[in-house]
Amino acid sequence: MKKGQGAIYPGSFDPVTNGHLDVIQRAARIFDRVIVAVADNTSKSALFSIQERVDLLKEVTSKYKNVSVETFDSLVIEYARRKKINVIIRGLRMTSDFDYEFQIALTNRRLAEDIETVFLMPSEHVSFVSSSLLKEVASLNADISSFVPKAVERKLKEHLKK
């Protein structure tokens, strides 16, 4: 890694899971600066508002001094260029993620050869957790405490009571 190198970890984070946090922690050890970039994607139906996702991420990443949380509503490569960052972090949980993530990485490379994609794998104990599966399990009143931080668990339960 080059001195002063930053990276962007983009996603919807609806909600942030322990798997996401594991990738953030790994990225924070590798890069001097990590921006967790929350996609304000209106084509996806999100459970949490963009502000709720940002607030939760800020709360659960506050111990990492080199991590910040922002929103973006453009192509991630355009956002990276605005931030003068040339590394995009992507998490790979299972081999099933690889095809999709590889396709995105190759598309980004074609659009922006100067921006690299770095894949990080979360720890085995959180590698199977996905936000969509988590929301489904939580809606059935399952114990989700081992999948998400306490703040997220509390907020998720509040949302599902509505």
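Refer to the preceding data block for the structure.
Residues numbered from 1 in each chain as written. Predicted model: local features only at pLDDT ≥ 70, side-chain atom pairs only at ≥ 80, totals over all residues. Heavy atoms only, no water.

A. Representation of the overall build of the protein chain. Broken down by element type, the protein chain carries 6 helices and 5 strands. In the protein chain, the succession of α and β elements from N to C terminus is β-α-β-α-β-α-β-α-β-α-α. In terms of overall dimensions, the protein chain is globule-like: its C-alpha atoms have a radius of gyration of 15 Å, near the 15 Å expected for 162 residues. Overall size of the protein chain, expressed as C-alpha extent along the three principal axes, is 45 × 35 × 30 Å. Out of the 162 residues in the protein chain, the part that is buried amounts to 46%. Here the contacts in the protein chain between residues at least 6 apart in sequence split such that 77% fall between residues at least 24 apart. Once the 25 positive and 21 negative side-chain charges of the protein chain are each reduced to a mean point, those two points are 4 Å apart. (Helix = DSSP H or I, 4+ residues; strand = E, 2+ residues; numbered from the N terminus. Rg over C-alpha atoms; globule rule 2.2 N^0.38 Å. Buried < 20%, exposed > 50% of the residue type's maximum accessible area, 1.4 Å probe, protein only. Contact = heavy atoms within 4.5 Å. Lys, Arg positive; Asp, Glu negative; His and termini not counted. Charge placed at Lys NZ, Arg CZ, Asp CG, Glu CD.)

B. Local environment of the packing of helix α2 (residues 50-60) against helix α6 (residues 150-161). The contact between α2 and α6 brings their axes to 10 Å, and the two run at 155°. Classified by the angle their axes make, α2 and α6 are roughly antiparallel. Residue-level inspection shows E52, L56 and E59 of α2 in contact with α6, the latter providing A151, V152, R154, K155 and H159. Classifying every residue of the contact of α2 with α6 gives 3 nonpolar, 1 polar and 4 charged. (Axes fitted to C-alpha atoms, helices over the stretch in contact; angles between N-to-C directions. Parallel < 35°, antiparallel > 145°, perpendicular 65-115°, else oblique. Nonpolar A, V, L, I, M, F, W, Y, C, P; charged D, E, K, R; others polar.)

C. Broad picture of the side chain of E153. The residue E153 is located in helix α6 in this model. Sequence-distant contacts of E153, that is, excluding residues within four places in its chain, are made with D143, I144, S145 and V148.

D. Expanded view of the packing of aromatic side chains. Counted according to the given criterion, the structure contains 3 aromatic pairs. With centroids separated by 5.1 Å and ring planes inclined at 20°, the aromatic side chains of F98 and F102 adopt a geometry described as stacked. In this pair, F98 and F102 both sit in helix α4 (residues 95-111), 4 residues apart, roughly one turn of the helix. Taking relative accessible area as the criterion, F98 reaches 37% and is therefore assigned partly exposed. The class of F102 is partly exposed, set by a relative accessible area of 36%. (Phe/Tyr/Trp six-rings, centres within 6.5 Å; stacked < 30°, edge-to-face > 60°.)

E. Main features of the pattern of salt bridges. The full count for this structure, using the stated rule, is 7 salt bridges. In this structure, the salt-bridge partner of K135 is D14, at a minimum N-O distance of 3.0 Å. Of this pair, K135 sits in helix α5 (residues 131-139) while D14 sits in the loop between β1 (6-11) and α1 (18-30); the two residues are 121 residues apart in sequence, bridging distant segments of the chain. Close ionic contact of E70 with K83 constitutes a salt bridge, the shortest N to O distance being 3.0 Å. Remark: K83 occurs in helix α3 (residues 76-83) and E70 occurs in strand β3 (residues 67-72); sequence separation between them is 13 residues. (Salt bridge = Lys/Arg side-chain N within 4 Å of Asp/Glu carboxyl O.)

F. View of the nonpolar core. Formed by 31 residues in total, the largest nonpolar core has its most connected members in I24, L57 and I89. Excluding anything up to four places from it in sequence, L57 contacts F13, V16, I24, V36, V38 and V69. One finds A39, F72, V76 and A80 within the second-largest nonpolar core, a separate group that totals 13 residues. (Core = buried A, V, L, I, M, F, W, Y, C linked by side-chain atoms within 4.5 Å.)

G. Expanded view of the side chain of E101. Tracing the sequence through the fold places E101 in helix α4. In contact with E101, not counting residues within four places along its chain, are R90, G91, L92 and F119.

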